[in-house]
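Structural characterization, general
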Amino acid sequence: MEGLCFRFPLLFVFLLCSHTRHQVNATEPVLELTKGFEAKPDSSINSFQPLLTDPSGNFSFGLLRLNGSRLSLAVTHPNLTDPLWVFDPTRTASWSHKTKLFFNGSLVVSDPSSRVEWSTHTNGDRLVLRNDSNLQVVSTSSSSIEWESFDFPANTLVENQNFTSTMALVSSNGLYSMRLGRDFIGLYAKVSDDSHSQQFYWKHSALQAKAKIRDGSGPIHARINPNGYLGMYQTGTVPVDVEAFNSFQRPVNGLMILRLESDGNLRGYLWDGSRWALNYEAIRETCDLPNPCGPYSLCTPGSGCSCIDNSTVIGECGRGGSRAADFCGGETEKFKTVRRGGVEVPFKELMDHKTTSSLGECEEMCVEDCKCFGSVYNNGSGFCYLVNYPIRTMLGVADPSKMGYFKVREGVGKKRSRVGLTVGMSLLAVIALALTVAMVYVAFRIWSREKHALEGEDGGLSPGPYKNLGSDSFSSVEMSRR
């Protein structure tokens, strides 16, 4: 019995130490995670909860807090605002004690409240973070990599990371993507909220100077080369194209990344040990970006942004104008038209066009098509461009013969009118209430003044059976009794 009593305190101490060690593993970054690891979000952390670090100490893997209440897995660098990698940006868990991350051979995120369950579906032994920010599930017995984050890029490509034809970089706002074609790199913009239609807005074709792309030899892939360029490859190590960075063929020590950013531009950065320096920019001019000024606006090189109809405030040119995918809703989908000269479609070399004999013929093609939002006609070439998605930023040019025709929903203007009427009526009601209160107050003051005047005439006596003794002396009271 005494031996049993002695063992119980030891068992308690062992369990307590085991629990404490588990909690330390869950909150302090380590060099690897092994089977049995488990972590939960820390409610005291506002941004990022590190769990794993790489041997150089430059990168961390952990729990990223989004908008205060949501959670994602991420690989971060301390000098980058956005993470280098996040797991499935379309799915987030809740930042709560019910959510947990664990490693049981697979890296798993489980959130019963949001019904989010994500897993690498592996049977590895360790989770490690490499010096190049690559997160890997590794099998010790076979020395194989069972899963790695480099196969699932988010918005960033890292030096020596292969980017294949099955992958896509997607900007953090979800509006832009980068993909590979047969012999080119392309950037695409999501142009409709109600469909998956995308507009091609930037293209870089392979020059094929040192190597040729051959049919039947497989798709191309891209990779950032340490010599300072984005190379396209098909087979072997000889690139079919070289897109040079600022550091091209310069001896530099530092990591290079390529990121598709929220404005739709593709930019490269070089870490020099103290800061991320701009190293590449695919689109140099603001007006060549996919949507720099917003819907129903013009971007004119050297002049900036303006509204297509010249009648509204910049930033509100087409407020509410793109709530539906087309104008095919019958009588309820009425619209007004706006015409303007000196307009071109942006990235027109990547858009389809038809040849018409006149401006009227070009416009009529759009009028008769309920999926058309506008048309742009070049009077010199006869090219007619039909815009089959909600109008975004168009390009302003000096040539007035380049005419734009645009459909604008009547409901947009009416909605603004109704809002203005409501505000006006509310203001009138407030003014009327203030006047009423003022009139009541003035009337009360007049009545109060007249009342005091009457009391003065009555010798200070108040109406009714009782006297207001006021300033009457005690002797006067006594005299009245006699």
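Residues numbered from 1 in each chain as written. Predicted model: local features only at pLDDT ≥ 70, side-chain atom pairs only at ≥ 80, totals over all residues. Heavy atoms only, no water.

- The name given to the protein chain in an unreviewed UniProt entry is Apple domain-containing protein, with Brassica campestris as the source organism.
- As recorded by UniProt, the Function (unreviewed entry) comment attached to the protein chain reads in full: "Involved in sporophytic self-incompatibility system (the inability of flowering plants to achieve self-fertilization)." (UniProt positions renumbered as here; feature names shortened; annotations may be inferred.)

Looking at the overall build of the protein chain
- Across its full length, the protein chain holds four helices and 33 strands.
- When each of the 482 residues of the protein chain is scored for burial, the buried share is 41%.
- Long-range contacts, defined as pairs at least 24 residues apart, comprise 49% of the intrachain contacts of the protein chain with a sequence gap of at least 6.
- Looking at the protein chain as shown, the accessible area adds up to about 26900 Å², and 55% of this sits on carbon and sulfur atoms. (Helix = DSSP H or I, 4+ residues; strand = E, 2+ residues; numbered from the N terminus. Buried < 20%, exposed > 50% of the residue type's maximum accessible area, 1.4 Å probe, protein only. Contact = heavy atoms within 4.5 Å. Areas by Shrake-Rupley, 256 points an atom, 1.4 Å probe, with all protein chains shown as cover.)

Section: the pairing of strand β22 (residues 256-260)
- For β22, the tally of buried residues reaches five of five residues, placing the bulk of the element in the interior.
- Every second residue of β22 is oriented toward a common face, with Met-256, Leu-258 and Leu-260 on one face and Ile-257 and Arg-259 on the other, all of them buried.
- Hairpin connection from β22 to strand β23 (residues 266-271): five residues lie between these consecutive antiparallel strands, with Gly-264 at a positive phi of about 95 degrees. (Pairing = 2+ DSSP bridges.)

Here's the deal with the environment of Met-365
- The topology assignment puts Met-365 in helix α2 (residues 359-367).
- The exposure class assigned to Met-365 is partly exposed, which follows from its relative accessible area of 25%.
- Residues Met-365 and Leu-386 lie 21 residues apart in sequence; the distance between their C-alpha atoms is 8.2 Å.
- Excluding residues that lie within four positions of it along the chain, Met-365 makes contacts with Lys-354, Thr-356 and Leu-386.

Examining the sheet that holds strand β13 (residues 144-148)
- A sheet is described by the order of its strands in space; here four strands give the open sequence β1-β11-β12-β13, paired in antiparallel fashion. Looking at the sheet topology across the chains shown, the edges are occupied by β1 (32-34) and β13. Here the average twist between neighbouring strands, direction ignored, is 25 degrees.
- In this sheet, strand β11 (residues 126-129) lies alongside β1 in antiparallel orientation, the contact comprising three bridges. By the bridge assignment for β11, Glu-32 is matched with Val-128. (Axes fitted to C-alpha atoms, helices over the stretch in contact; angles between N-to-C directions.)

Re the state of the cysteines
- Scanning the model with the defined rule gives five disulfides in all.
- Residue pairing for Cys-362: its cysteine sulfur links by disulfide to Cys-384, the two sulfurs lying 2.1 Å apart. Because the sign of the S-S torsion sets the handedness, a value of about 80 degrees for the bond joining Cys-362 and Cys-384 places this disulfide among the right-handed ones. Placement of Cys-362 in helix α2 and of Cys-384 in strand β31 (residues 383-387) is noted, with a sequence separation of 22 residues between them.
- Judged by its relative accessible area of 1%, Cys-384 is buried.
- Linked covalently through their sulfurs, Cys-366 and Cys-372 form a disulfide whose S-S length is 2.1 Å. (Disulfide = S-S within 2.5 Å.)

Here we look at the environment of Phe-347
- Along the chain, Phe-347 turns up in the loop between β28 (343-344) and β29 (354-355).
- Each C-alpha atom, one on Phe-347 and one on Asp-288, is 7.3 Å from the other, the two residues being 59 residues apart in sequence.

What to know about the sheet that holds strand β24 (residues 276-281)
- A sheet is described by the order of its strands in space; here four strands give the open sequence β14-β22-β23-β24, paired in antiparallel fashion. Both outer strands of the open sheet, β14 (156-158) and β24, are each paired with one neighbouring strand and no more. The mean inter-strand angle of the sheet, taken between neighbouring strand axes irrespective of direction, is 25 degrees.
- Pairing of β22 with β23 involves five bridges; the strand directions are antiparallel. Bridge assignment links Met-256 to a residue of β23, and that residue is Leu-270.

Thoughts on the nonpolar core
- Formed by 52 residues in total, the largest nonpolar core has its most connected members in Tyr-201 and Met-394.
- A domain-level breakdown of this core finds at least three residues from each of domain 1 (32-281) and domain 2 (289-409).
- When neighbours within four sequence positions are excluded, Met-394 is seen to be in contact with Ser-297, Leu-298, Cys-299, Ile-308, Val-343, Glu-344, Val-345, Pro-346, Val-376, Val-387 and Phe-406.
- In terms of nonpolar packing, the next biggest core, distinct from the first, is built from 35 residues, Leu-52, Leu-101, Val-137 and Leu-255 among them. (Core = buried A, V, L, I, M, F, W, Y, C linked by side-chain atoms within 4.5 Å. Domains from an automatic or database assignment.)

A look at the pattern of salt bridges
- A full pass over the atoms with the stated rule returns twelve salt bridges.
- Taking the shortest distance from any N to any O, the salt bridge between Glu-281 and Arg-267 comes out at 3.0 Å. Residue Glu-281 is found in strand β24, and its partner Arg-267 is found in strand β23; the two are separated by 14 residues along the sequence.
- In this structure Glu-281 comes out as partly exposed when scored by relative accessible area, which is 22%.
- A relative accessible area of 14% means that Arg-267 is categorised as buried. (Salt bridge = Lys/Arg side-chain N within 4 Å of Asp/Glu carboxyl O.)

Quick notes on the environment of Asn-227
- You can see Asn-227 is positioned in the loop between β19 (221-225) and β20 (229-233).
- With a relative accessible area of 46%, Asn-227 lands in the partly exposed category.
- Sequence spacing of Asn-227 and Gln-249 is 22 residues, and the spatial spacing of their C-alpha atoms is 5.2 Å.
- With sequence-adjacent residues up to four places away left out, Asn-227 is seen in contact with Ser-247, Phe-248, Gln-249 and Arg-250.

What to know about α2
- All of the buried residues in α2 are Cys-362, Glu-363 and Cys-366. Down the axis of α2, the sector holding all buried residues measures 95 degrees, keeping them to one side.
- Contacts made by the buried residues of α2 are with β27 (335-341), β30 (374-378), β31 and β33 (402-409). (Arc of directions from axis to C-beta.)

Some words on the pairing of β30
- For β30, the tally of buried residues reaches five of five residues, placing the bulk of the element in the interior.
- Burial along β30 is two-sided: the residues Gly-374, Val-376 and Asn-378 and Ser-375 and Tyr-377 are all buried.
- Pairing geometry for β30 and β31, over four bridges, is antiparallel. Pairing of Val-376 across the sheet is with Tyr-385, part of β31.
- A loop of four residues connects β30 with β31, the two strands running antiparallel in sequence, and Gly-382 in this loop sits at a positive phi of about 80 degrees.
- Strand direction decides the pairing type here: β30 and β33, joined by five bridges, are antiparallel. Bridged to Ser-375 within β33 is Tyr-405.

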